[in-house]
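Chain residues, written in single-letter form:
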Amino acid sequence: MKENYFLIGLLVLFFLSCDQQKEPVFKSEDLALIPQPQKLTLNPGSFQFTEATVFVISDSLQSVTTAFRNKFKSSAGWNLEIQQQAPAANYVQFTVDKNLKTEAYSLTVTSEFIDIKAASSAGFRYALETLRQLLPVHIEQKQVGEKDSFYIPNLAIEDAPCFKWRGLMLDVSRHFFEKDYILKTIDRLAMLKMNTLHLHLVDDQGWRIEIKKYPKLTEVGAFRVNQEDKHWNARSENNSDENGTYGGFYTQEDIKEIVAYATQRGITVVPEIEMPAHVMSAIASYPFLSCTQQSIGVPSGGVWPITEIYCPGKETTFKFLEEVLSEVMPLFPSKYIHVGGDEATKTNWETCPDCQRRMKEEHLVDTDELQSYFMKRMEQFLEANDKVLIGWDEILEGGLPPSATVMSWRGTKGGWEASKAGHDVIMTPENPMYFNFYQGNPDVEPLAFDAMNTLEQVYDFSPVIDSMSVSQKNHVLGAQANLWSEYITTQDDSEYMIFPRITALAEVLWSANSKPGWEDYTSRLQRFLPRLDALGVNYSRSVYNVEATAERDTVFGGIRLALASEMPQASVLYALDNEELNANAKVYNEPFTIDSTTTLTAAVFENGAPAGRVLSKTFNFHKAAGATVTLVEQPHRNYRGAGGATLVNVLRGSKNFHDGQWLGWLATPVTLLIDLNEVKEFSKVRIGVLENQGAGIYFPSDFKVSVSKDSINYATVGQLEHLFKANGASTLKTFTVDTKVQKAQFIKVEITTYIPENKRGVFTFLDEILVE
Ligand code: ACM
Ligand code: ZN
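Quick notes on the rules
Residues numbered from 1 in each chain as written. Chains lettered and ligands numbered in written order. Predicted model: local features only at pLDDT ≥ 70, side-chain atom pairs only at ≥ 80, totals over all residues. Heavy atoms only, no water. Helix = DSSP H or I, 4+ residues; strand = E, 2+ residues; numbered from the N terminus. Expected span 1.5 Å × (residues − 1). Buried < 20%, exposed > 50% of the residue type's maximum accessible area, 1.4 Å probe, protein only. Pairing = 2+ DSSP bridges. Axes fitted to C-alpha atoms, helices over the stretch in contact; angles between N-to-C directions. Arc of directions from axis to C-beta. Contact = heavy atoms within 4.5 Å. Donors = N, O, S within 2.8 Å, 3.2 Å for Na, K, Ca; no water. Tetrahedral: all angles 85-135°; square planar, octahedral: opposite > 155°, others 65-115°. Salt bridge = Lys/Arg side-chain N within 4 Å of Asp/Glu carboxyl O. Parallel < 35°, antiparallel > 145°, perpendicular 65-115°, else oblique. Left-handed = near helix turned anticlockwise from the far one by under 90°. Nonpolar A, V, L, I, M, F, W, Y, C, P; charged D, E, K, R; others polar. Phe/Tyr/Trp six-rings, centres within 6.5 Å; stacked < 30°, edge-to-face > 60°. Lys NZ or Arg CZ within 6 Å of the ring centre and 35° of its normal. Right-handed = clockwise from strand over helix to strand, strands pointing away.

## Things to note about helix α4 (residues 179-191)
An α-helix turns once per 3.6 residues; consequently, residues spaced three or four apart project the same way.
Line of reasoning, step 1. Across its 13 residues, α4 extends 19 Å between first and last C-alpha, which sits within 8% of the 18 Å expected from 1.5 Å per residue.
Line of reasoning, step 2. Within α4 the residues assigned to the buried category are Lys179, Tyr181, Ile182, Leu183, Thr185, Ile186, Arg188, Leu189, Ala190 and Met191.

Take a look at the structure:
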């Protein structure tokens, strides 16, 4: 009997918890809005979305509610209805208020109804994205699940963006990305109240948009020889007769679909048709476009400098470009067309008779002015078609076209100058707007461009510069993150580089100087990440990784270790040697010293588990630690560290080969003489090396170890050979030369590096010689 009551009690509890979901009590620290609204007042109580909630909106605006109502359809199975008249309660009312700014909105949530006011569809959409982020994460789910917890807090929000241009650029040329990924990216930009997607459709390594008048652009120019196994900068040149198998392109129908999808979500798609450089894919398709008119292949990887460029001496080049743009412009409602303009090495223009004739006729003093002539002609053509030209900041050289908008990428200087001259500018400085740069320690990150833009650097960015006048500041339309795709080969890679950095940029552009600050943002981000999980975004958790920095401790001897993570709220735990790294491990508070071989493990812990990677590092106080090392050949002046001592300082180099722990030689062989200061017994010599073929750094091919008692007569005691292999990655490795048991004071290490046929020299990089 007793047992039965107990069971009934359990059942009652069960039904209560399932059916009678209690109205939650919201605190401001529960909210995870990104970007943070300009003004938010939280009030007591909440509104609950149910199957009976209706949308009160005029016919002409109904489509702005589609994406939001679809979320309830997929996660709850509800078809929330639209009505013209408000019922007594449980509705969302949309009111046009022309007093508000174009993208602004006001949002009032009460227990009875929700009121949204905006001047345009943009404002209504942003209000709905705010409501979405206020709803529990399971609103993002694709299967029907729990339906009784769709509460949002009563509140009042007044909101508007600070900057007009809130963009992301995808480079779909260096690697091709399917249409579906572009659509997904549009959804995600809309979620963050971003409004511009710039598609880099043309570059040397691939032409990605169908042009009906010039079919070879995609038959030839969209495909290249597949050399995806090699580092981008170690790929060999292709002949024009080789068959391309890597590539792809968007048909004009695909583009129409992308643009329609984006328009529905308030995103403007800006196409970039590069010129005069970054166009080898076009020249491979139509050799008449270059000065020399010679056949070339579509390159599979890096080309530098870029000398195969369009010829502005020939009218046929302009006819081609105008015909291409005439097909591009009607596909994109965007007022702006981006025509590139960056990184042209104009040496062919110096010797081309057509270019020289053009310069004479037009009284152009140099090839910069010839490029300016080129860009001005394109501007006139675009202007005649009611479009505005955007170019990279190189278009300042030789004279800006009169109404051009400038995208400043080589820092913000170009943007400063162009705004001074009265031009609109968009800030995309490499630091920190290039999302193809690393966001964390390269040793544990996927291969990326060899530079760093951390999440915090993105959050701290300001598109306007203090030294600008008010009028200059007014010319700054906004900013944009650029994801160049040399090293981004898959959708997963792309998401990893974009997220979470794009959330920081969204707040920079929406909230600007009134943004709440790094600590506030990161605490919201922490609560926002489960939404990205629900959406299946492969975001990076690098901010949760622990970095260990080590330096020789001159006071105590040994090395001093400092641990840090980018997340300000993070609790870093660590363990030494055989201690277990778990939730009860030591809490890191301040740097500590070690003076014997030690293995360190460390991680940021959240809810009892590692929130990022577990760092594991062994500091090996081997028998040559602190020995005297003579470098017979001098390393290259950029990679000298602290001389021979660097090779026996216990500290290991990272994939950032400028970190001071690497010695790099262009010479081969490299000879090292090690004096252990006394006779010691050892049985192996281990050599720490780096390979980064794209940077010209190769693993050695031969290692030879000899020993001596008198530093004069050496006997070889061990050798190792390594066969050359193409390697697209950046790789750290320690090679072991087995010496059998030796007793000696002097060791000679000779390292030879094989030079591939197409190279004049290669680098050998060493960080440590371990004697054990
Ligand atoms: C650029 O990064 N070349 C615009
Ligand atoms: Zn020419």
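More follows now that the structure is in view.
## Quick word on the sheet that holds strand β23 (residues 559-564)
What links the strands of a sheet is backbone hydrogen bonding, and the strands pair in either a parallel or an antiparallel sense.
Line of reasoning, step 1. Spatial strand order, β22-β23-β26: three strands in an open sheet with antiparallel pairing. At either margin of the open sheet sits one strand with a lone partner, and together these are β22 (547-552) and β26 (592-594). Strand after strand, the sheet turns through a mean of 35° between neighbouring axes, direction not considered.
Line of reasoning, step 2. By the bridge criterion, six bridges tie β22 to β23 in an arrangement that is antiparallel. Along β23, the bridge assignment pairs Arg552 with Ile559.

## Overview of helix α2 (residues 66-76)
Line of reasoning, step 1. Regarding α2, the residues found buried are Phe68, Arg69, Lys71, Phe72, Ser75 and Ala76. Seen end-on, α2 carries its buried residues on one side only, within an arc spanning 140°.
Line of reasoning, step 2. Looking at the buried side of α2, the elements it contacts are β2 (54-56), β3 (81-83) and α3 (121-134).
Line of reasoning, step 3. Gly77, located one to two residues past α2, shows a positive phi value of around 80°.

## Thoughts on the coordination of the zinc ion (ligand 2)
Line of reasoning, step 1. Here the zinc ion (ligand 2) is held by the protein donor atoms Cys291 (SG), Cys311 (SG), Cys352 (SG) and Cys355 (SG), which lie 2.2 to 2.4 Å from it.
Line of reasoning, step 2. Between the four donor atoms coordinating the zinc ion (ligand 2), the angles at the centre fall across 107 to 113°, so the site counts as tetrahedral.
Line of reasoning, step 3. For the zinc ion (ligand 2), the single-chain donor residues occur in sequence as C-x19-C-x40-C-x2-C. Here Cys291, found in the loop between α7 (280-285) and α8 (315-328), pairs with Cys311, found in the loop between α7 and α8; they are 20 residues apart in sequence, far enough to count as distant.
Line of reasoning, step 4. Look at Cys291 and you get buried, because its relative accessible area is 12%.

## Some points on the pairing of strand β30 (residues 628-631)
When a strand is regular, its side chains alternate between the sheet's two faces.
Line of reasoning, step 1. Along β30, the buried face is formed by Val629 and Leu631; none of Thr628 and Thr630, which line the opposite face, is buried.
Line of reasoning, step 2. Note: β30 against strand β32 (residues 670-692), four bridges, orientation antiparallel. By the bridge assignment, Thr630 is partnered in β32 with Leu673.

## Focus on unusual backbone geometry
Line of reasoning, step 1. The linkage connecting Met275 with the following residue, Pro276, adopts the cis geometry, with an omega of -10°.
Line of reasoning, step 2. Assignment of secondary structure puts Pro276 in the loop between β14 (268-275) and α7.
Line of reasoning, step 3. In this structure, Lys193 takes a positive phi of about 60° despite not being glycine.
Line of reasoning, step 4. Take Lys193: it is sitting in the loop between α4 and β9 (196-200).
Line of reasoning, step 5. For His278, which is not glycine, the phi dihedral falls at a positive 60°.
Line of reasoning, step 6. Relative to the assigned elements, His278 resides in the loop between β14 and α7.
Line of reasoning, step 7. Note on His278: relative accessible area 3%, which makes it buried.

## What to know about the pattern of salt bridges
Line of reasoning, step 1. A full pass over the atoms with the stated rule returns 34 salt bridges.
Line of reasoning, step 2. The partner of Arg358 in a salt bridge is Glu315, with the nearest N and O atoms 2.6 Å apart. Taken together, the positions of Arg358 in helix α10 (residues 353-361) and Glu315 in helix α8 put the pair 43 residues apart, joining distant regions of the chain.
Line of reasoning, step 3. Residue Arg358 is classed as buried on the basis of its relative accessible area of 7%.

## What about the packing of α4 against helix α6 (residues 252-264)?
Line of reasoning, step 1. Contact pair α4 / α6: the axes reach a minimum separation of 10 Å and the direction vectors enclose 15°. Of the possible angle classes, the one that applies to α4 and α6 is roughly parallel. Along this stretch, α4 crosses α6, giving a crossing that reads as right-handed. Residues Lys179, Ile182, Leu183, Ile186 and Asp187 of α4 touch α6, and the partners they reach there are Asp254, Glu257, Ile258, Tyr261 and Ala262.
Line of reasoning, step 2. Across the contact of α4 with α6, the residue classes tally to six nonpolar, no polar and four charged.

## Overview of the packing of aromatic side chains
Line of reasoning, step 1. The full count for this structure, using the stated rule, is 44 aromatic pairs.
Line of reasoning, step 2. Between Trp662 and Phe765, the ring centres sit 6.3 Å apart and the planes meet at 50°, which makes this aromatic pair tilted. Taken together, the positions of Trp662 in the loop between β30 and β31 (663-665) and Phe765 in strand β36 (residues 764-771) put the pair 103 residues apart, joining distant regions of the chain.
Line of reasoning, step 3. Residue class for Phe765 comes out buried when judged on its relative accessible area of 1%.
Line of reasoning, step 4. A network of ring pairs unites the aromatic residues Phe47, Phe49, Phe55, Phe68, Phe72, Trp78, Phe94, Phe124 and Phe150 as a single cluster.
Line of reasoning, step 5. Residue placement shows Lys515 over the ring face of Tyr459; its charged tip is 5.1 Å from the ring centre.

## Section: the pairing of strand β17 (residues 405-408)
Line of reasoning, step 1. By the alternation rule, side chains of β17 split into Thr405 and Met407 and Val406 and Ser408, which are all buried.
Line of reasoning, step 2. Of the pairings in the sheet, the one linking strand β16 (residues 388-392) to β17 comprises three bridges and is parallel in character. Paired with Trp392 across the two strands is Met407, which belongs to β17.
Line of reasoning, step 3. Bridge analysis of β17 against strand β18 (residues 425-427) gives three bridges, and the strand direction is parallel. Across the sheet, residue Met407 finds its bridge partner in β18, namely Ile426.
Line of reasoning, step 4. Between β17 and its parallel partner β18, the chain crosses via helix α12 (residues 413-420), and the hand of that crossover is right-handed.

## Focus on the packing of helix α17 (residues 501-511) against helix α18 (residues 518-534)
Line of reasoning, step 1. Viewed as axis vectors pointing N to C, α17 and α18 meet at an angle of 130°, and their least axial separation amounts to 11 Å. Comparing the axis directions of α17 and α18 gives the class oblique. The two elements α17 and α18 cross, and the hand of that crossing is right-handed. On α18, the residues touching Thr503, Ala504 and Glu507 of α17 are Tyr521, Arg524, Leu525 and Phe528.

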